[in-house]
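Here's the letter readout for the chains.
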Amino acid sequence: MLAIEVTEFGDDSVLEEVERDRPEPGPGEVLLDVEAVGVNFADVMQRRGHYHGGPEPPYVPGMEAAGTVEATGAGVEDREAGDRVVAMLDGGAYAEYATAPAQALFDVPESISFAEAAGFPVQFLTAYLCLHDWGELDEDDDVLVQAAAGGVGTAATQLASHHGAEVYGTASTSEKLELAERLGCDHPINYTETDFAEETDDLTDGDGLDLILDGVGGDTFRESVDALAPFGTIVAYGAASGEPGTVDTATLLFGNKSVEGFHLGRATQLDPERVFAAVPELSAMLASGDLEVVVGQTFALADAADAHRALENRETTGKVVLEP
Ligand SMILES: NC(=O)c1ccc[n+]([C@@H]2O[C@H](COP(=O)([O-])OP(=O)(O)OC[C@H]3O[C@@H](n4cnc5c(N)ncnc54)[C@H](OP(=O)(O)O)[C@@H]3O)[C@@H](O)[C@H]2O)c1
């Protein structure tokens, strides 16, 4: 089968097309015939060697694969060949076939394409848990989603809007801001042209923001602290800028402001019930059309390097998908 391997840490040229034997499902696993692979910014950070606890090369990247069950391993009773599913994986999704633990599968209804399914688990669970569980979103809240047209951003914008919150969203281009607005962002802000902390201060009559979801880090995170209202919370879940956010605790304590950290993989290991409690509501909202998986770009699996380049160059919107 065709797979993509990260041969060493580096730029997108380290993604190489390789031929591999089709894997066999072990006990408790299924073999997936992969139809669509979700590309995550974490794949880029891992490839660069900048991901805390990430894999060592050579490895086949990818943590989301949608497709049909091809075969089941010993002890798997509730799955059969032909089931349409999407899986969250520890790696190995950039391939024509991948094995996945049977417990890490979600059903994919006929109404949802495999590309949409591949864009669902990581980004929607992250957005949902950051907003509702970690961020304790209230319908009266003023909530800011950084990089609102990105993968997690498009999910968070829809979820916050659906909950009734006043939604502020940042992005780097007018096209991205139009997308965020279409998804329910009430106040789109180009943070490459405007000081978003000043703008949100004006828009909230000086009150500040109750909740900020930040997957960008660096200067954006530092300015987010300024934009926060007293008793407000930032949920820090990523560093797409390449630089983690830093904060002076004096600013937090004198401002009665909070920062929470969120990591889906670690949360799933530590407390799977808390993470998966969100699945029924999310699945129902997706099936009813209340939520949309925005598949911004699709690439052939062999063109994974182009997909990474586009993501790193801020050229993508919504979810980036590879199709074997
Ligand atoms: N903690 C978790 O469990 C978890 C789960 C999923 C994702 N994440 C993290 O969340 C972040 C977003 O992930 P995603 O997959 O949804 O990616 P994404 O938002 O689709 O892409 C990243 C976006 O970040 C913005 N950005 C700002 N500065 C950037 C820079 N210097 N280089 C590249 N992009 C920059 C860009 O939007 P603009 O052009 O609009 O600025 C870009 O489109 C990543 O840091 C990712 O690692 C964490």
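As the structure is a computational prediction, the values presented were derived from the model and not from experiment.

A. Expanded view of the environment of Glu16. With respect to the helices, strands and loops of the structure, Glu16 is situated in strand β2 (residues 15–19). When the 14 C-beta atoms within 10 Å are taken as the criterion, Glu16 is described as partly exposed. For the pair Glu16 and Ala302, spaced 286 residues apart in sequence, the C-alpha to C-alpha distance is 8.4 Å.

B. Representation of the site of the ligand in the model. The environment of the ligand is made up of 31 residues, and the closest members are Gly150, Gly151, Gly215, Gly238 and Leu264. Secondary structure elements with two or more residues in the shell around the ligand: α1 (41–48), α3 (121–134), α4 (151–162) and α12 (304–312). Here the residues of the shell around the ligand are counted per class, giving 15 nonpolar, 13 polar and three charged. A domain-level breakdown of the shell around the ligand finds at least three residues from each of domain 1 (2–120 + 293–323) and domain 2 (123–265).

C. Region of interest: the pairing of strand β11 (residues 209–214). Burial analysis of β11 places six of its six residues in the buried class, the great majority of the element. In this sheet, β11 lies alongside strand β8 (residues 142–145) in parallel orientation, the contact comprising three bridges. Each residue of the ladder has a partner; that of Leu144, found in β11, is Ile212. A crossover connection joins β11 to the parallel strand β12 (residues 228–236) through helix α7 (residues 218–227); in handedness this β-α-β unit is right-handed.

D. Layout of the nonpolar core. Grouped together as the largest cluster of nonpolar side chains are 98 residues, with contacts concentrated most on Leu32, Val37, Ala65, Val143 and Ala156. Here this core gets nine residues from one element, more than from any other, and that element is α3. Excluding anything up to four places from it in sequence, Leu32 contacts Ala65, Gly67, Val69, Glu70, Ala87, Tyr97, Ala98 and Ala100.

E. Representation of the domain arrangement of the chain in the model. The domain architecture assigned to the chain consists of domain 1 (2–120 + 293–323) and domain 2 (123–265). Using C-alpha coordinates to define each centre, domain 1 is positioned 28 Å away from domain 2. The interface of domain 1 with domain 2 comprises eight residues on the first partner and ten residues on the second. Here the side of domain 1 that touches domain 2 is built from residues that sort into three nonpolar, three polar and two charged.

Rules used in this analysis
Residues numbered from 1 in each chain as written. Predicted model: local features only at pLDDT ≥ 70, side-chain atom pairs only at ≥ 80, totals over all residues. Helix = DSSP H or I, 4+ residues; strand = E, 2+ residues; numbered from the N terminus. Buried ≥ 20, exposed ≤ 12 C-beta atoms within 10 Å, placed from the backbone. Near = placed C-beta within 6 Å. Nonpolar A, V, L, I, M, F, W, Y, C, P; charged D, E, K, R; others polar. Domains from an automatic or database assignment. Pairing = 2+ DSSP bridges. Right-handed = clockwise from strand over helix to strand, strands pointing away. Core = buried A, V, L, I, M, F, W, Y, C linked by C-beta atoms within 7 Å. Contact = placed C-beta atoms within 7 Å.

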